[in-house]
Amino acid sequence: MTVMGLVVIAGVLAAVISCAAFLVWFERRLLAFFQERYGPNRVGPFGVFQVVADIIKLFFKEDWVPPFSDRAVFVIAPVFVVASVLMSFAVISFAPGICAADLDVGLLFFLAMSSLGVYSIVLGGWASNNKYSLLGALRGAAQMITYEVFMGISLMGVVIMADSFNLKKIVEAQEHLWFCVPQFLGFAIFFIAGVAEARRIPFDLPEAESELVAGYHSEFSSMKFGMFFLGEYLGVTLISSLIVVFFFGGWLGPAFLPPIAWFLIKTFFFIIVFILMRGSLPRPRYDQLMGYGWKVLLPLALLNLFVTGAVVLVWQN
Amino acid sequence: MSDYNLSLFYLLIYSTTVVILVAGMIILSYLLGGRHREPATGEPYESGILSTGSARLRFSAQFYVIAMFFVIFDLETVFLVSWAISVRETGWGGFAVILVFLAFLLSVLVYEWRIGAFDYAVSGREILKSIRKAKGI
């Protein structure tokens with residue numbers, strides 16, 4: 001039993017990290033496709049080994065800790081950004097029996113870990129002692145805590161319907177009907193909040209390169225920069241797989257494909273949606289972004305929770 | 001070992017692996033990376049312009065206000081979470097209680113909205129209005 005558990009842990013980590021690395025290439029190719037360019041196509045067949053080349057290059061770059069920075073915090077921040085996202089993958093049920101740690105508080109664990117993600121931004125930006133980094137970090141912190149508030153509330157509809165925080169039980173509760181139908185509002189809000197949490201276009205104002213150089217990670221070099229990069233793609237993978245678990249029936253699907261295949265297909269669909277959004281949407285203004293969160297999405301999330309609770313109670317009687 | 005302890009044990013192994021993995025990457029890049037020293041190496045990169053003053057700036061109080069709202073609304077989520085998991089047990093009684101709680105919360109939201117706490121920039125319409133007023137149009 002224990003050996004099986006260790007194999008699953010190693011498998012999940014290896015799969016998730018290689019998926020995130022693969023995404024770096026995949027996104028560049030897909031963006032190029034949307035813009036009628038070729039994208040990276042030189043290294044290996046279709047350019048798939050571009051990622052390997054990039055990683056080797058990053059490892060051999062100078063690992064520079066700025067003399068004006070807050071050294072200890074500067075080193076810890078990139079560790080935080082990857083570790084907090086990777087930890088969330090521990091509770092995801094990829095298929096029956098394939099789950100690193102099947103916690104009963106899985107959903108809350110994910111919310112807690114995504115809150116920790118804010119620290120990496122703030123610590124990184126503050127420790128850099130660079131004005132652009134500081135501004136990026138402030139924006140990032142304000143944006144992430146705003147969207148975190150109703151990210152949690154939007155998932156409570158799912159909790160009410162499944163009557164559990166356990167991700168496996170949530171998937172099993174969707175046997176007859178995927179939650180994206182009764183919880184469509186919750187799905188829409190979670191998706192938007194997820195994009196903001198992953199700091200992706202259109203919500204990538206913390207690192208808006210046209211005004212803040214690279215925002216909170218301007219001063220990071222070598223693999224420390226790579227960590228922020230990896231963290232972003234891990235975040236995209238995480239949000240996509242959580243959307244699938246909470247709203248699109250996880251591994252459930254017709255029996256002609258194994259459960260894990262269904263999970264991967266659905267997840268990749270949402271990853272492609274993320275990339276398509278990057279290829280097509282402009283950034284909003286910062287005050288629009290914050291106003292949208294507090295004035296539109298928060299009341300909607302509360303309304304969704306309230307209506308779901310009422311409907312479930314009426315149904316029960 | 002019970003099921004519960006077993007999953008906690010797996011989580012411990014998982015988190016240890018994650019930390020070792022990430023720390024390993026950082027250390028490896030520290031060992032493999034080059035070193036160089038030039039006149040501008042130790043300066044902050046601020047778009048190629050020489051940096052003036054420290055980055056410990058004073059910034060907009062708006063960010064502080066957001067942090068306070070976050071505390072208010074995230075604490076509220078704690079109550080909503082505990083209600084969400086027990087909807088079926090607490091029934092309509094619990095629903096009524098949470099309704100009162102939500103009413104308080106929404107009044108806070110409306111209040112914040114009315115005092116303009118969510119307006120992060122001065123609106124163009126307000127500026128135009130004040131200009132018109134000043135000119136007496």
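Residues numbered from 1 in each chain as written. Chains lettered and ligands numbered in written order. Predicted model: local features only at pLDDT ≥ 70, side-chain atom pairs only at ≥ 80, totals over all residues.

Observations concerning the overall build of chain B
Then, in step 1: For chain B, the helix and strand inventory stands at four helices and zero strands.
Then, in step 2: Written out in order from the N terminus, the α and β elements of chain B read α-α-α-α.
Then, in step 3: Scaling as 2.2 N^0.38, a compact globule of 137 residues should have a C-alpha radius of gyration of about 14 Å, whereas chain B reaches 27 Å, well beyond that.
Then, in step 4: Viewed in the frame of its principal axes, chain B has a C-alpha envelope of about 75 × 60 × 20 Å. (Helix = DSSP H or I, 4+ residues; strand = E, 2+ residues; numbered from the N terminus. Rg over C-alpha atoms; globule rule 2.2 N^0.38 Å.)

Observations regarding the environment of F9 of chain B
Then, in step 1: In this structure, F9 of chain B sits in helix α1 (residues 3–32).
Then, in step 2: Residues F9 of chain B and V97 of chain B lie 88 residues apart in sequence; the distance between their C-alpha atoms is 38 Å.

Here's the deal with the packing of helix α1 (residues 2–34) of chain A against helix α9 (residues 222–247) of chain A
Residue and element names in this part refer to chain A.
Then, in step 1: α9 packs onto α1 with a crossing angle of 105° between their chain directions and a minimal axis gap of 9 Å. Classed by the angle they form, the pair α1 and α9 counts as roughly perpendicular. Mapping the contact onto sequence places V16, C19, A20, L23 and V24 in α1 and L230, Y233, L234, V236 and T237 in α9.
Then, in step 2: Across the contact of α1 with α9, the residue classes break down as nine nonpolar, one polar and no charged. (Axes fitted to C-alpha atoms, helices over the stretch in contact; angles between N-to-C directions. Parallel < 35°, antiparallel > 145°, perpendicular 65-115°, else oblique. Contact = placed C-beta atoms within 7 Å. Nonpolar A, V, L, I, M, F, W, Y, C, P; charged D, E, K, R; others polar.)

Describing unusual backbone geometry
Residues and elements named next belong to chain A.
Then, in step 1: Although it is not a glycine, E36 adopts a positive phi angle of roughly 55°.
Then, in step 2: For E36, the location among the structural elements is in the loop between α1 and α2 (50–59).
Then, in step 3: In this structure, R199 is a non-glycine residue whose phi angle is positive, near 55°.
Then, in step 4: The topology assignment puts R199 in the loop between α7 (184–197) and α8 (209–212).
Then, in step 5: Looking at R199, the number of C-beta atoms within 10 Å reads 25, which means it is buried. (Buried ≥ 20, exposed ≤ 12 C-beta atoms within 10 Å, placed from the backbone.)

Quick word on the interface of chain A and chain B
Then, in step 1: Taken together, the contacts link 63 residues of chain A with 51 residues of chain B.
Then, in step 2: Breaking the side of chain A that touches chain B down by element, the ones donating at least two residues are α1, α2, α3 (71–88), α5 (131–162), α9 and α11 (286–316) of chain A.
Then, in step 3: Considering each element in turn, the side of chain A that touches chain B owes the most residues, 16 residues, to α11 of chain A.
Then, in step 4: Residues that form the side of chain A that touches chain B fall into these classes: 43 nonpolar, 10 polar and 10 charged.

Notes on the environment of I145 of chain A
Then, in step 1: Summarising the element assignment, I145 of chain A is placed in helix α5.
Then, in step 2: Note: C-alpha distance between I145 of chain A and D104 of chain A (41 residues apart in sequence) is 25 Å.
Then, in step 3: Not counting residues up to four positions away in its chain, the partners in contact with I145 of chain A are V118 of chain A together with I66, A67 and F70 of chain B.

What to know about the nonpolar core
All names here are of chain A.
Then, in step 1: Counting 125 residues, the largest nonpolar core has V159 and F246 as the members making the most contacts within it.
Then, in step 2: Ranked by residue count, the leading element in this core is α5, at 21 residues.
Then, in step 3: In this structure F246 touches L155, V158, I170, F179 and F190, once residues within four positions along its chain are discounted. (Core = buried A, V, L, I, M, F, W, Y, C linked by C-beta atoms within 7 Å.)

A short note on helix α10 (residues 259–280) of chain A
Residues and elements named next belong to chain A.
Then, in step 1: Helix length check: α10 (22 residues) gives 32 Å between terminal C-alpha atoms against 32 Å at 1.5 Å per residue, within 8%.
Then, in step 2: Here α10 has its buried residues at W262, F263, K266, T267, F270, I271, F274 and I275.
Then, in step 3: The elements touched by buried residues of α10 are α1 and α9. (Expected span 1.5 Å × (residues − 1).)

Description of the confidence of the model for chain B
Then, in step 1: Summary statistics for chain B give a mean pLDDT of 83 and a share of 98% for residues scoring 70 or more.
Then, in step 2: At the low end of the mean pLDDT range in chain B sits helix α4 (residues 124–135) of chain B, at 84; at the high end sits helix α3 (residues 87–114) of chain B, at 88. (pLDDT = per-residue confidence, 0-100.)

Some words on the packing of α1 of chain A against α1 of chain B
Then, in step 1: Contact pair α1 of chain A / α1 of chain B: the axes reach a minimum separation of 10 Å and the direction vectors enclose 40°. Helix-helix and strand crossings are classified by hand; for α1 of chain A and α1 of chain B the assignment is right-handed. Taken together, the residues of α1 of chain B that come into contact with α1 of chain A (itself represented by G5, L6, I9 and L13 of chain A) are Y10, I13, Y14 and T17 of chain B.
Then, in step 2: Residues belonging to the contact of α1 of chain A with α1 of chain B are distributed by class as follows: six nonpolar, two polar and no charged. (Left-handed = near helix turned anticlockwise from the far one by under 90°.)

Some details on α3 of chain B
Residues and elements named next belong to chain B.
Then, in step 1: In this model, α3 (28 residues) spans only 33 Å end to end at C-alpha, well below the 40 Å of a helix rising 1.5 Å per residue.
Then, in step 2: For α3, the principal kink sits at G93 and spans about 70°.
Then, in step 3: Within α3 the residues assigned to the buried category are V87, I98 and L109.
Then, in step 4: Downstream of α3 by a residue or two, G116 has a phi angle that is positive, lying close to 80°. (Bend = angle between axes of the 7 residues up to and from the residue.)

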